Amino acid sequence: FSLDLLPSKNGKELTNYFLRQVVDVLLHYIKKTFDVKSKILDFHHPHQLLEGLDGFSLELPDHPESLEQLLVDCTDTLKYGVKTGHPRFFNQLSSGLDMIGLAGEWLTATANTNMFTYEIAPVFTVMETIVLKKMYEIIGWKETEADGLFSPAIGGSISNLYGILVARYKQYPEIKTKGMTALPHIVLFVSEQGHYSVKKAAAILGIGTDNVIEVKCDERGRMIPAELEKNIAQAKRKGQTPFFVSTTAGTTVYGAFDPLCDIADICEKHKLWMHVDAAWGGGLLLSRSHSYKLRGIERANSVTWNPHKLMGAPLQCSAILIQEKDLLEACNQMRAGYLFQPDKLYNVEFDTGDKTIQCGQHIEFFLFWVMYSSSGTYGFEAQINKHMELAKYFYKVLKERDNFKLVFDAEPEFTNVCFWYLPPRLKHIPKGFERDQELQKIAPKIKALMIEEGSAMISYQPCGDKVNFFRMVFSNPATTQTDVDYLIEEIERLGKDL
Ligand SMILES: *Cc1c(COP(=O)(O)O)cnc(C)c1O
C-alpha cells in the first residue's frame, strides 16, 4: 500500500513499476480517445456502477488492495467514463485533450503545492503574474492598472462571482464589515442569454436573484442596449440602485456577442461597473480575423476568461481580470497571521493568496502557461480560426439539407451552430404548436440513442419559445471535417424513424 511506495523505504523499484504502469493505463486511454472508431463512452446506469461491474467495485475496503487491483480500478475508472477529447465529443464548450496541458497537470499534481504564498510556490506565483500580464495585454489593458487571478479549482462561474463581489466592494466598501444591511437596494443587469452563474452569484452574495434584472436580447441573442437603458431607468424609478452590468462575449447556447462598445457608453453614463463574461468567447481575442467581435472589452472593469473552453486547456482554467490594482486584495483580504505574516522578510508582494475567497489553492494556471509556451499566440490563433472554419462548414452543410433546420439562418458569429433535426414524419406537419410538441421530443431521443451507442455526444436545450434544439460547438482540436459529416449522418440515422 501507499507507504510501501515511498522511494526512501526500499520502494524505489515498486514506485517506478507502479507509476510506469499507471502511465501505460493513461496512454492506452489517450490512444482510445483519439481513435474515432472507439466509443466515446461505454454507457452504464448508476445502479450498475453502484452494484459493481466485473472486477470493478466502487466500495471502499477495510484491507489494503493490491497494486494490481488498483491498476485495474484505474483502468476501469477511465473505461466507463466519457472521453471528452474524442473527436466526436461536442457536448460541452470545454472539450479536447491537450497533451501539453495534460503534462502541465501532471507537473502541478507532482509539485503538490499551494498557490497562496511565495514561500511555498516561488516559481508558480511569479509565473502567474506573467500569464496574467499576457492576458491584460491581449484585452488591451495597461499592466499598471490591472489585477487578476486564476479562480482556483472552480472556473468561470466563480470568476463571474468575483466580478460582482469586487464591483460591490468598490462601490460600497462597508459591505465587508457591515454586510448587506448597510447598502441601498442594489440591482444588477445581465442579458436573458447570459450565463446562469450570474444569478447564482447574486444568490450567494446575498443580493438575491430577484435583483438580477434580465435585459432583452435581439433575435440572435445579443443584449439590446436600448433595453438596458430602459431597465436602468425603470430600476431607478423604483428606488433601486443599479451598480453592475454583466455583458457576455460568446453566450453559452447561441454564441452571441453583446455590443460591448454601446454598453460601455451606457455604463459610463450611469457610472456602472461593466463586466464582460468572456468565459467562452475570450479566446477569440487571439484571432486577428475575429477579435473585432469583442471590440469594447478594453473598456470593461472586469473580465472572465476561461482558457479551458475555446483555447482547449484542460479543466479547470479560468481567470478573473480586473482593470484596477489592489481592489481584489482589499475586498477579500483577512490577513491571517499564521499564513500571511506581515513581517516576513522576503517577497510578500507575491503572497497573492489573500486576494481569493478561499485559503488553499490548487495551481490552475500552469497548464495554460505550458500550453502557451508550446503554441505561442499564433498557434492558438490558427487553432481557433480552424474551429471557426469548421463551424462555417457545418452551417453550410446543414443549410443544404431539408431535414435539418437552422435556428438562425445566418452565418455563425462564433463556433456555436444551433439546429433542429426533422424526421420525415414531421416535415409535412406545418410549423406550429402541433409540430413543436413532437419536435420537442426528437433531440432528447436522438441524444439518448447516441449515448447508448457511444457514437457521438452533442448537447440540446430549449430556449425561450424554441423547443429542444441541438447546439453544436467547436472547441475540440481533434475534430475534423470528417467528424462533422459523421455527426450529421449519425443524427439522421438515429432520428429518421422517430
Ligand atoms: C461556461 C460558461 C461559464 C461558466 O464557466 P465554468 O468554468 O463552467 O464555471 C460562464 N459564462 C459563460 C458564458 C459560459 O459559457
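None of these values were measured; they are calculated from a predicted model.

A. Here's a closer look at the packing of helix α4 (residues 99-111) against helix α12 (residues 366-399). Two elements in contact, α4 and α12, have axes separated by 8 Å at closest approach and are oriented at 140°. The angle between α4 and α12 places the two elements in the oblique class. Note on packing geometry: the crossing formed by α4 with α12 is right-handed. Contact residues: Ile-100, Gly-101, Gly-104, Glu-105, Leu-107 and Thr-108 in α4; Phe-366, Leu-367, Val-370, Met-371 and Ser-374 in α12. Within the contact of α4 with α12, the residues separate by chemical class into 6 nonpolar, 4 polar and 1 charged.

B. The sheet that holds strand β9 (residues 404-406), seen in detail. An order of β1-β11-β12-β10-β9 is seen for the 5 strands of this open sheet, with the pairing classed as mixed. Unpaired on one side and paired on the other, β1 (89-90) and β9 mark the two borders of the sheet. Two strands pair when backbone bridges link them, and strand β10 (residues 417-421) and strand β12 (residues 466-472) are joined in this way by 3 bridges, in the antiparallel orientation. By the bridge assignment for β12, Phe-419 is matched with Phe-470. Across the sheet, helix α14 (residues 433-453) touches β9, β10, β11 (457-463) and β12, and the angle it forms with β12 is around 35°.

C. Here's a closer look at the pattern of salt bridges. One pass over the structure, following the stated rule, counts 24 salt bridges. Between Glu-324 and Lys-170 there is a salt bridge whose closest N-O contact spans 3.0 Å. Remark: Lys-170 occurs in helix α6 (residues 156-171) and Glu-324 occurs in the loop between β8 (319-322) and α11 (327-332); sequence separation between them is 154 residues. Notably, a salt bridge pairs Glu-438 with Lys-441, separated by 3.4 Å at the nearest N-O pair.

D. Representation of the domain arrangement of the protein within the structure. Taken domain by domain, the protein holds domain 1 (114-362) and domain 2 (372-495). The centre of domain 1, based on its C-alpha atoms, is set 30 Å off from the matching centre of domain 2. Domain 1 puts 27 residues into the contact, and the matching count from domain 2 is 27 residues. Taken together, both faces of the contact between domain 1 and domain 2 bury some 2,300 Å²; the carbon and sulfur share is 60%. When residues of domain 1 are sorted by the area they lose upon contact with domain 2, Arg-220, Val-253 and Tyr-254 head the list and together hold 29% of the total. Taken together, domain 1 and domain 2 are joined by 2 salt bridges. When the shortest N-O distance is used, the salt bridge between Glu-381 and Arg-288 registers 2.6 Å. Partitioning the side of domain 1 that touches domain 2 into residue classes produces 10 nonpolar, 10 polar and 7 charged.

E. Local environment of the packing of aromatic side chains. Tallied over the full model, the rule gives 23 aromatic pairs. Chaining the aromatic ring pairs together yields one cluster made of Phe-124, Phe-150, Phe-365, Phe-366, Phe-368, Trp-369, Tyr-372 and Phe-380. For Arg-88, the ring lying beneath its charged end belongs to Tyr-486, and the centroid distance is 3.6 Å.

F. Region of the structure containing the packing of helix α5 (residues 122-139) against α12. Their axes nearest at 10 Å, the elements α5 and α12 cross at an angle of 50°. Taken together, α5 and α12 sit at an angle that is classed as oblique. In the crossing of α5 with α12, the sense of the turn from one axis to the other is left-handed. Packed against α5, whose contacting residues are Phe-124, Met-127, Val-131, Lys-134, Met-135 and Ile-138, the element α12 presents Phe-366, Phe-368, Trp-369, Tyr-372 and Thr-377 at the interface. The residue inventory of the contact of α5 with α12, partitioned by class, reads 9 nonpolar, 1 polar and 1 charged.

G. A look at helix α9 (residues 225-237). An ideal rise of 1.5 Å per residue puts 18 Å on 13 residues; α9 measures up with 19 Å between its terminal C-alpha atoms. Among all positions in α9, only Pro-225, Glu-227, Leu-228, Asn-231, Ile-232 and Ala-235 are buried. Along α9, the residues classed as buried sweep out an arc of 155° about the axis, all on the same side. For α9, the exposed residues lying more than 90 degrees away from the buried face are Ala-226 and Arg-237. Packing partners of the buried residues in α9 comprise β3 (186-191), β4 (212-215), β5 (241-248) and α10 (260-270).

H. Representation of the site of the ligand in the model. With respect to spatial proximity, 17 residues lie near the ligand, and among them Gly-156, Ser-157, Thr-252, Asp-277 and Lys-309 are the closest. At a separation of 2.9 Å, an oxygen atom of the ligand approaches a polar side-chain atom of Thr-252. Contacts to the ligand include Lys-309, whose side-chain N or O atom sits 2.9 Å from an oxygen atom. Considering every element that reaches the shell around the ligand, the biggest residue donor is α6, with 3 residues.

I. Just helix α15 (residues 481-495), in detail. Look at α15: 21 Å from first C-alpha to last across 15 residues, which is about the 21 Å you get at 1.5 Å a residue. Taken together, the buried positions of α15 are Asp-483, Val-484, Leu-487, Ile-488, Glu-490, Ile-491, Glu-492, Leu-494 and Gly-495.

J. How the structure looks around the UniProt feature "modified residue: N6-(pyridoxal phosphate)lysine" (unreviewed entry) in the protein. If you check UniProt for "modified residue: N6-(pyridoxal phosphate)lysine" (unreviewed entry), the listed places come out as Lys-309 in our numbering. With respect to the helices and strands, Lys-309 occurs in the loop between β7 (302-305) and β8. Not counting residues within four places of it along the chain, the set of residues in contact with Lys-309 comprises Leu-93, Ser-94, Ala-279, Trp-280 and Ser-475.

K. Structural detail: the nonpolar core. Counting residues in hydrophobic clusters, the biggest one holds 61 residues, and the most contacted among them are Val-303, Leu-321 and Phe-368. Two domains each provide a minimum of three residues to this core, namely domain 1 (114-362) and domain 2 (372-495). Excluding residues that lie within four positions of it along the chain, Leu-321 makes contacts with Leu-132, Met-135, Tyr-136, Ile-139, Trp-141, Asp-147, Gly-148, Asn-301, Ser-302, Val-303 and Trp-305. Counting 39 residues, the second-largest nonpolar core is a separate cluster that includes Phe-419, Ile-446, Met-450 and Leu-494.

L. Looking closely at the pairing of β7. Burial of the side chains of β7 extends over both faces: Ser-302 and Thr-304 are buried on one face and Val-303 and Trp-305 on the other. Here 4 bridges tie strand β6 (residues 273-278) to β7, and the two strands are oriented parallel to one another. Following the sheet pairing, Ala-278 is matched in β7 by Trp-305.

The rules we used
- Residues numbered from 1 in each chain as written.
- Predicted model: local features only at pLDDT ≥ 70, side-chain atom pairs only at ≥ 80, totals over all residues.
- Heavy atoms only, no water.
- Axes fitted to C-alpha atoms, helices over the stretch in contact; angles between N-to-C directions.
- Helix = DSSP H or I, 4+ residues; strand = E, 2+ residues; numbered from the N terminus.
- Parallel < 35°, antiparallel > 145°, perpendicular 65-115°, else oblique.
- Left-handed = near helix turned anticlockwise from the far one by under 90°.
- Contact = heavy atoms within 4.5 Å.
- Nonpolar A, V, L, I, M, F, W, Y, C, P; charged D, E, K, R; others polar.
- Pairing = 2+ DSSP bridges.
- Salt bridge = Lys/Arg side-chain N within 4 Å of Asp/Glu carboxyl O.
- Domains from an automatic or database assignment.
- Buried area = accessible area lost by both parts, 1.4 Å probe.
- Phe/Tyr/Trp six-rings, centres within 6.5 Å; stacked < 30°, edge-to-face > 60°.
- Lys NZ or Arg CZ within 6 Å of the ring centre and 35° of its normal.
- Expected span 1.5 Å × (residues − 1).
- Buried < 20%, exposed > 50% of the residue type's maximum accessible area, 1.4 Å probe, protein only.
- Arc of directions from axis to C-beta.
- Near = heavy atom within 4 Å.
- Polar contact = N/O pair within 3.5 Å; in protein donor to acceptor, adjacent residues only side chain to side chain.
- UniProt positions renumbered as here; feature names shortened; annotations may be inferred.
- Core = buried A, V, L, I, M, F, W, Y, C linked by side-chain atoms within 4.5 Å.

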